[in-house]
Amino acid sequence: MAIRIYNTLTRKKEPLETLTPNVVTMYVCGPTVYNKAHIGHAMSALVFDILRRYMAYRGYEVQLAMNYTDVDDKIIQRANEMQVDPFALAEGYIEDYRKNLADLNIEPATYNPRASHEIEQIIDMVQTLIDKGMAYPMDGDVYYRVRKKADYGKLSGRNLDDMRAGVRKDADDRKEDPLDFALWKSAKPGEPAWESPWGKGRPGWHIECSAMNQHYFGTTIDIHGGGNDLIFPHHENEIAQSESYSGEPFARYWVHNGMLQLRGEKMSKSLGNIISIDEFLQLHSADSFRYLVLNSAYRNPIVFSPDVIEQAEKALDRLKSGLRPALPGVHGASDEVLQALEAQRVATKDGFITCMDDDFNSAGALGHLFELVRLINHSRDQNASEEQLKPAQDQLRELLQVFGLMMAEEAADQGGQSADPFIQMLIDLRLELRKQRTGRWFGARPAESTGRDFGRFREVLLALGIDSDEKNGLPAVMRHLKF
RNA sequence: GGCGACGUGGCCAAGUGGAUAAGGCACGGGUCUGCAAAACCCUGACCAUCGGUUCAAAUCCGAUCGUCGCCUCCA
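Everything quoted here is computed from the prediction, not taken from an experiment.

Colleague: Please clarify how unusual backbone geometry should be interpreted in this entry.
Modeller: What is expected of a backbone is that most residues other than glycine have negative phi and most peptide bonds are trans. Pro 233 follows Phe 232 through a cis peptide bond whose omega is 5°. As for its placement among the helices and strands, Pro 233 is situated in helix H7 (residues 231-246). Unlike most non-glycine residues, Asp 139 shows phi in positive territory, near 55°. Relative to the assigned elements, Asp 139 resides in the loop between strand E5 (135-138) and strand E6 (141-144). Residue Asp 359 is not a glycine yet carries a positive backbone phi of 55°. Along the chain, Asp 359 falls in the loop between helix H11 (335-357) and helix H12 (362-381). Residue classification places Asp 359 among the buried positions, given a relative accessible area of 6%.

See below:
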């Protein structure tokens, strides 16, 4: 039995066959660091974290590269607006993102390349593409010659003639074809720039990923991932560049996650419907977001709303209930009960693997986990002892860990009655304030509407002398609270 | 306009040709005998609409309606 993965390139599920047995090389497009990351970024990062953890569970050594685009028009623009150095700006957001990923329990990538560290490789690739006639310099810029690649469009299912009609009117007429894209951009005075055979400049967006792949993994990688909004033009262009450069296939499997939506729309700056990861984590647990991702197919969109998060939190409580200890003073369950529990343990593990092997069907796999939870709880109810519960609970914990849910590591709730009275009071207060919250807390003006009740809660904390400095995250006491 | 995805019980969501359509949340009933919570047990859908293929369709094909994404920076 092998893992089957949906490959955007072939539009089919295919068995995972890696270049090197038991090793997966995977590259995932990371963020352009010109702003705080939002929960759409989190969804993508979570999807690939789940894939990665599962492949590791199935015995693969996963080598993951996730890049930071730290040289980019938007970064330069933002830095100019803020009167700061663009590299310092990027550095700050990289640090923020690292922390976001850690808070979300996402395992660090094996490599975190940055565009600005790959200039040598980039220049080499661009020059090679020029030498091969696949690219041409033009006034300090270098463009890729789209018409020269016979199969350009194979990933996104487009052909060049169909796209012509859609090209913007203000397209740069210096280009041979309006669809030719920049590999290298000449720099204006004051912009970050590197010396190159074509003058001072900086890399285009697409080339950096090709260069980083080449640098870390060589000509061909197993899996290339990213959001499905990157299919065109970004990934299409990566394929064009890399394959023209090496003459070899670039990535064997293209994996794309669906978009996170707010009110049924994709989150985007222009719509003003952004929730940052920080904002989310102020109100909710990392596990709740992970559950949201697990509970739907990674290729489909997720519509984010207070409802679904609330449901996720409840569902997590239920999963957690399976890890509770045996009832006090029990004498043990009947053989019948124990046999059923063991049968479910095995069925759940098998079902989990069957689902996940089928293109990472985490929602289906979750269903099997809940079935195990029910049997564990049932057995506990039937007087199963701690020892009798243990194999099933260990199994549950193992699979929760594969999913990356932090609850698996947290100590089992000791019968649900151990909370410090002071903490309990805070929990009650917090819940009360949340109930009073009215209307939608997300929306066009997140900065003003988000976490108003949380703000009031913080006032109380401050009055009690508890520091909840938002920059440094929540103080330890807050971690006990359910948000 | 071009390319693509999706539409399953009140909500979220698996299942993509065949035996009773997973699971979670919410609701209702019960174990419960002060109340409440937890846990346990029980309870609900013929799968957007129409037509077709087939011995057999939520699952394949076509049309219609609806939602969303990409085609410009985007996870």
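Still to come is the rest of the account.
Colleague: Could you clarify how one ought to interpret the pattern of salt bridges in this entry?
Modeller: Opposite charge on two side chains lets them pair, provided their charged atoms get close. In the structure shown here, the tally under the stated rule is 25 salt bridges. As a salt-bridge pair, Asp 357 and Arg 58 come within 2.6 Å of each other at their nearest N and O atoms. With Asp 357 in helix H11 and Arg 58 in the loop between helix H1 (39-57) and strand E4 (61-66), the pair connects residues that are 299 residues apart, well separated along the chain. Classification of Asp 357 by relative accessible area gives buried; the value is 3%. The class of Arg 58 is partly exposed, set by a relative accessible area of 28%. Of the charged contacts in the structure, one is a salt bridge between Asp 177 and Arg 147, with a shortest N-O distance of 3.0 Å. Pair noted here: Asp 177 is in the loop between helix H5 (160-164) and strand E7 (181-186) and Arg 147 is in the loop between E6 and H5, with a separation of 30 residues, a long-range link. Given a relative accessible area of 39%, Arg 147 falls into the partly exposed group.

Thresholds, definitions, all that
Residues numbered from 1 in each chain as written. Chains lettered and ligands numbered in written order. Predicted model: local features only at pLDDT ≥ 70, side-chain atom pairs only at ≥ 80, totals over all residues. Heavy atoms only, no water. Helix = DSSP H or I, 4+ residues; strand = E, 2+ residues; numbered from the N terminus. Buried < 20%, exposed > 50% of the residue type's maximum accessible area, 1.4 Å probe, protein only. Salt bridge = Lys/Arg side-chain N within 4 Å of Asp/Glu carboxyl O.

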